[in-house]
Amino acid sequence: MLELIRAGGWPMIPLVLLSAIALAIIVERFWSLRRIRVLPPGLGDEVRVWVSGGKRLDPAHVDSLRSTSPLGALLAAALDVRHRSREEIRERVEDVGRHLVHRMERFLNTLGTIAAAGPLLGLFGTVVGLIEMFLGILDHGIGDANLLAGGIGKALVCTAAGMVVAIPALAFHRYFRGRIATYIVDMEHEAIRLMDTLDALPPSKGS
């Protein structure tokens, strides 16, 4: 790492910092967006059995469901307004769903910014390096051709480093967006199945 900084000069420092931030975000999002954490297996079936069993829905149990996972929070939102019309339940689910999506997309804007800024910082470092090299030529002449080639190679290190930072950041940004989109579809499906179960309940069992 120190060798890269020496090779590219001070413009490499922000690129190294961006790479560290991107790595931290990627690891954190992998941990937070595990399927078992977002959509615990069997939770939707468990809630539907609980609702259709005719037992009174204790608010404490609904609050406990809300804290389990994003899916639990979505299903709890539907249960909060279970006595209202299906359209009102759907509106509540959609409203809560938007907040959950925002939470799941945490840090992804930062990751996307790093993907966009990496090549620009790399190009900036290259331009700075070339300017320094040509100013040196202006002061001391062309001199050794090998030295000139080495200076150009040193300047291009920043461009390569920018790409190394940007490409994984962009790839993981798109990957996490796709994973979240898949989760949203599955969560909507579970919410619809719960609403169907609520619709099938006799009026006397809706509380």
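Residues numbered from 1 in each chain as written. Predicted model: local features only at pLDDT ≥ 70, side-chain atom pairs only at ≥ 80, totals over all residues. Heavy atoms only, no water.

## Notes on the overall build of the protein
Next up, step 1: Summing up its helical and strand segments, the protein has nine helices and zero strands in all.
Next up, step 2: Each helix and strand of the protein, placed in order from N terminus to C terminus, yields the pattern α-α-α-α-α-α-α-α-α.
Next up, step 3: Within the protein, the fraction of its 207 residues that count as buried is 36%.
Next up, step 4: Residue pairs at least 24 apart in sequence account for 78% of intrachain contacts in the protein once pairs closer than 6 positions are excluded. (Helix = DSSP H or I, 4+ residues; strand = E, 2+ residues; numbered from the N terminus. Buried < 20%, exposed > 50% of the residue type's maximum accessible area, 1.4 Å probe, protein only. Contact = heavy atoms within 4.5 Å.)

## What about the packing of helix α6 (residues 70–80) against helix α7 (residues 86–104)?
Next up, step 1: Interhelical geometry of α6 versus α7 gives an angle of 155 degrees and a closest axis separation of 8 Å. Overall, the two elements α6 and α7 adopt an arrangement that is roughly antiparallel. Once α6 is placed against α7, the crossing between them reads as right-handed. Contact residues: α6 offers Pro 70, Ala 73, Leu 74, Ala 77, Ala 78 and Asp 80, while α7 offers Ile 89, Arg 92, Val 93, Val 96, Gly 97 and Leu 100. (Axes fitted to C-alpha atoms, helices over the stretch in contact; angles between N-to-C directions. Parallel < 35°, antiparallel > 145°, perpendicular 65-115°, else oblique. Left-handed = near helix turned anticlockwise from the far one by under 90°.)

## Considering a nonpolar patch on the surface
Next up, step 1: Together, Leu 123, Val 127, Ile 131 and Leu 135 give the surface a local cluster of nonpolar side chains, amounting to about 350 Å² of exposed area.
Next up, step 2: Take Ile 131: its relative accessible area is 46%, and that puts it in the partly exposed class. (Patch = residues over 30% accessible without salt bridge, like charges linked within 9 Å, V, L, I, M, F, W, Y side chains within 5 Å. Areas by Shrake-Rupley, 256 points an atom, 1.4 Å probe, with all protein chains shown as cover. Salt bridge = Lys/Arg side-chain N within 4 Å of Asp/Glu carboxyl O.)

## Remarks on the environment of Ser 64
Next up, step 1: Structurally, Ser 64 is set in helix α5 (residues 59–66).
Next up, step 2: Considered as a pair, Ser 64 and Ala 76 are 12 residues apart in the sequence and their alpha carbons are 8.8 Å apart.

## Some details on the packing of aromatic side chains
Next up, step 1: The full count for this structure, using the stated rule, is five aromatic pairs.
Next up, step 2: Its end group placed over the ring of Trp 31, Arg 34 keeps NZ or CZ at 3.7 Å from the ring centre. (Phe/Tyr/Trp six-rings, centres within 6.5 Å; stacked < 30°, edge-to-face > 60°. Lys NZ or Arg CZ within 6 Å of the ring centre and 35° of its normal.)

## Remarks on the environment of Lys 154
Next up, step 1: Of note, Lys 154 is situated in helix α9 (residues 145–200).
Next up, step 2: Considering only alpha carbons, one finds Lys 154 and Thr 126, 28 residues apart in sequence, at a separation of 8.2 Å.

## Side note on the confidence of the model for the protein
Next up, step 1: Taken over all residues, the pLDDT of the protein has a mean of 84, while the share at 70 or more is 83%.
Next up, step 2: Within the protein, helix α3 (residues 35–38) carries the highest mean pLDDT (94), whereas helix α1 (residues 2–8) carries the lowest (52). (pLDDT = per-residue confidence, 0-100.)

## Observations concerning the environment of Val 96
Next up, step 1: Looking at the secondary structure, you find Val 96 in helix α7.
Next up, step 2: Along the sequence, Val 96 and Pro 70 sit 26 residues apart, while their C-alpha atoms lie 9.6 Å from each other.
Next up, step 3: Not counting chain neighbours up to four residues away, the residues in contact with Val 96 comprise Ala 73, Leu 74 and Ala 77.

## Concerning α6
Next up, step 1: Most of α6 sits inside the fold, with 10 of its 11 residues counted as buried.
Next up, step 2: Turning to α6, its buried residues are Pro 70, Leu 71, Gly 72, Ala 73, Leu 74, Leu 75, Ala 76, Ala 77, Ala 78 and Leu 79.

## Some words on the nonpolar core
Next up, step 1: Counting residues in hydrophobic clusters, the biggest one holds 43 residues, and the most contacted among them are Val 47, Val 51, Leu 79, Met 104, Leu 111, Met 187 and Leu 194.
Next up, step 2: For this core, the secondary-structure elements that each account for two or more residues are α2 (12–32), α4 (43–52), α5, α6, α7, α8 (108–140) and α9.
Next up, step 3: No other element matches the 10 residues that α9 contributes to this core.
Next up, step 4: Every residue in contact with Val 51, bar those within four places of it in the chain, is listed here: Leu 57, Leu 79, Leu 194, Thr 197, Leu 198 and Leu 201. (Core = buried A, V, L, I, M, F, W, Y, C linked by side-chain atoms within 4.5 Å.)

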